Amino acid sequence: MALSHNVIGVINFVATLLSIPIIGAGIWLTTQPDNSCVKILQWPVIILGILILVVGIAGFVGGFWRIPWLLLFYLVAMLILIILLVCLVVFIYMVTLKGSGHLAPSRSYLEYRLDDYSGWLRRRVQSSYKWDRIRNCLSSTSMCPELNQSYRFPQDFFNAHITPLQSGCCKPPTQCGFTFVNPTYWISPINMAADMDCLLWNNEQTQLCYGCDSCKAGLLANLKNEWRRVDIILLITLIALIAVYLVGCCAFRNAKTEDLFRKYKQGYT
């Protein structure tokens with residue numbers, strides 16, 4: 001019986017360790033400029049990871065110190081958390097399913113369109129109230145000024161592989177026909193009617209294309225790339241967590257069976 005409880009404790013300790021990549025994924029999101037401005041996914045991921053950590057510790061304590069009610073709490077709570085994690089993994093996959101970059105003539109970087117992305121993601125950036133807060137946050141970062149330090153000549157910039165956020169927010173759309181001065185300063189547009197974003201472009205360094213739909217699309221493209229990476233981590237952790245949980249359930253059942261057998265033997269001696 002003691003051996004079975006020790007096994008349960010070890011299994012629950014492994015479940016506790018599996019909370020680390022979940023919490024780490026959430027913390028990683030908070031370090032990304034776009035996610036720190038939007039603040040959608042990182043806290044649900046971190047909170048879910050902390051809950052798994054707490055429940056895993058409860059199961060570990062219940063296993064080693066043979067506290068039945070604590071083990072039952074672990075089994076029920078961990079099942080609920082696994083279901084929540086499944087829902088989160090599926091949700092991230094579904095909202096990041098749509099959307100991709102488009103090739104621009106004579107450019108190595110891609111450009112992005114807001115309509116390509118899921119309605120749920122678009123609603124996070126389309127209202128003026130939400131976007132004003134996000135654009136103020138984005139304009140305070142160094143993502144656009146650092147382009148001026150890295151690319152001084154037009155061809156160098158046109159051959160660069162810049163991020164979706166830089167492509168959408170730091171320069172005008174290629175189809176507007178602006179002439180390059182530096183990555184964040186463009187003059188003499190040829191076709192201002194090609195896109196509404198052509199009219200919104202401003203060489204003022206605090207304005208640029210932060211009000212453009214291309215900037216919103218670039219933000220969503222960045223979010224999609226980062227959320228997909230997190231989703232892979234969550235999926236791998238989920239599979240491991242389910243396996244550990246099933247083994248824990250079997251060990252708990254065996255421990256209860258041994259306990260019943262022990263009581264049965266004591267009744268006949």
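Residues numbered from 1 in each chain as written. Predicted model: local features only at pLDDT ≥ 70, side-chain atom pairs only at ≥ 80, totals over all residues. Heavy atoms only, no water.

## Describing the domain arrangement of the chain
- When the domains of the chain are assigned, the result is domain 1 (2-98 + 224-266) and domain 2 (101-220).
- Averaged C-alpha coordinates put domain 1 and domain 2 at centres separated by 40 Å.
- Listed as interface residues are 11 residues of domain 1 and, on the opposing side, 15 residues of domain 2.
- Carbon and sulfur atoms supply 72% of the area that domain 1 and domain 2 bury against each other, a total of about 1,100 Å² over both sides.
- Across the domain 1-domain 2 interface, the total number found is zero salt bridges.
- Here domain 1 is connected to domain 2 by three residue pairs in polar contact (both at pLDDT 80 or more).
- Among the secondary structure elements, those contributing two or more residues to the side of domain 1 that touches domain 2 are α3 (33-38), α5 (68-95) and α12 (213-267).
- Of all the elements, α3 adds the most residues to the side of domain 1 that touches domain 2, at four residues.
- Its residues assigned to classes, the side of domain 1 that touches domain 2 comprises seven nonpolar, one polar and three charged. (Domains from an automatic or database assignment. Contact = heavy atoms within 4.5 Å. Buried area = accessible area lost by both parts, 1.4 Å probe. Salt bridge = Lys/Arg side-chain N within 4 Å of Asp/Glu carboxyl O. Polar contact = N/O pair within 3.5 Å; in protein donor to acceptor, adjacent residues only side chain to side chain. Helix = DSSP H or I, 4+ residues; strand = E, 2+ residues; numbered from the N terminus. Nonpolar A, V, L, I, M, F, W, Y, C, P; charged D, E, K, R; others polar.)

## Considering the nonpolar core
- Of all hydrophobic cores here, the largest spans 66 residues; its most connected members are Met78, Leu138 and Leu234.
- The element best represented in this core is α12, accounting for 13 residues.
- Each of two domains, domain 1 (2-98 + 224-266) and domain 2 (101-220), supplies a minimum of three residues to this core.
- The residues touching leucine 138, leaving out its near neighbours within four places in the chain, are Asp34, Cys37, Trp131, Met143, Leu165, Tyr210 and Cys215. (Core = buried A, V, L, I, M, F, W, Y, C linked by side-chain atoms within 4.5 Å. Buried < 20%, exposed > 50% of the residue type's maximum accessible area, 1.4 Å probe, protein only.)

## Some details on unusual backbone geometry
- Residues other than glycine seldom take positive phi values, yet serine 188 does so here, at roughly 50°.
- Of note in the backbone geometry, leucine 208 takes a positive phi value of approximately 40° without being a glycine.
- Along the chain, leucine 208 falls in the loop between α11 (196-200) and α12.
- The exposure class of leucine 208 is buried, given its relative accessible area of 2%.

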